[in-house]
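Structural features, examined
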Amino acid sequence: MAKKLNTNYYCGIENEGKVLRKYKRNGASDVKQMPGSKGSYDLEVSHPSRKKHFVQVKSTCSTTGEPKCITSKERQRLIRAANSQNGIAVVAYVGANGRSELRYAKNDRLVVF
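The structure displayed is predicted, hence computed values, not measured ones.

Conventions and cut-offs
Residues numbered from 1 in each chain as written. Predicted model: local features only at pLDDT ≥ 70, side-chain atom pairs only at ≥ 80, totals over all residues. Heavy atoms only, no water. Salt bridge = Lys/Arg side-chain N within 4 Å of Asp/Glu carboxyl O. Buried < 20%, exposed > 50% of the residue type's maximum accessible area, 1.4 Å probe, protein only. Helix = DSSP H or I, 4+ residues; strand = E, 2+ residues; numbered from the N terminus. Pairing = 2+ DSSP bridges. Right-handed = clockwise from strand over helix to strand, strands pointing away. Patch = residues over 30% accessible without salt bridge, like charges linked within 9 Å, V, L, I, M, F, W, Y side chains within 5 Å. Areas by Shrake-Rupley, 256 points an atom, 1.4 Å probe, with all protein chains shown as cover.

1. Remarks on the pattern of salt bridges
Inspection of the entire model under this criterion finds 4 salt bridges. For Lys32, the salt bridge goes to Asp30, with nearest N and O atoms at 4.0 Å. In this structure Lys32 comes out as partly exposed when scored by relative accessible area, which is 40%. Accessibility expressed as a relative area gives 33% for Asp30, which makes it partly exposed. Between Glu44 and Lys52 there is a salt bridge whose closest N-O contact spans 3.1 Å. Residue Glu44 is classed as buried on the basis of its relative accessible area of 10%.

This is the structure we're talking about:
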């Protein structure tokens, strides 16, 4: 019997790639996609003129839905991880249309490049 693929997992990886490419288009010098899906953050981003960003990507795999919201527990875990490495915690939301919005985890303000 064939193993059923976890389409949400692969969709999540694809959406992480969209955010990764957005950072690169906006001057990031190094973007690392973290292995697995259970860590505090999905992407680690170095930028020549900014502190390192630690990014948790929240997305939807539905063609009509909104991205999942980050839980308060996930948010605190992300902030702790970023602070421990003298970085900034960012939440990236990717909607059904493929557009992404990046927000600082501490205050929910938009990240502007």
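2. Things to note about the environment of Asn83
Position of Asn83 among the secondary structure elements: in helix 2 (residues 72-84). A sequence separation of 76 residues divides Asn83 from Thr7, and the C-alpha atoms of the two residues are 32 Å apart.

3. Considerations on the pairing of strand 3 (residues 53-59)
A large share of strand 3 lies buried, amounting to 7 of its 7 residues. Both faces of strand 3 are covered, namely the face carrying His53, Val55, Val57 and Ser59 and the face carrying Phe54, Gln56 and Lys58. Direction of pairing for strand 2 (residues 43-46) relative to strand 3: antiparallel, over a ladder of 3 bridges. Bridging across to strand 3, Val45 finds its partner in His53. Between the antiparallel neighbours strand 2 and strand 3 lie 6 residues. As judged from the 7 bridges shared by strand 3 and strand 4 (residues 88-94), these two strands associate in the parallel manner. Paired with Lys58 across the strands is Tyr93, a residue of strand 4. The parallel pair strand 3 and strand 4 is bridged by helix 2, and the resulting crossover is right-handed.

4. Looking at a nonpolar patch on the surface
A grouping of Tyr9, Tyr10 and Ile13 is seen on the molecular surface, where their side chains present a nonpolar patch of about 270 Å² in accessible area. Relative to the assigned elements, Tyr10 resides in helix 1 (residues 7-25).

5. Description of unusual backbone geometry
A positive phi angle, close to 55°, is found at Asn86, a residue other than glycine. One can find Asn86 in the loop between helix 2 and strand 4. Its relative accessible area of 54% is what places Asn86 among the exposed residues.

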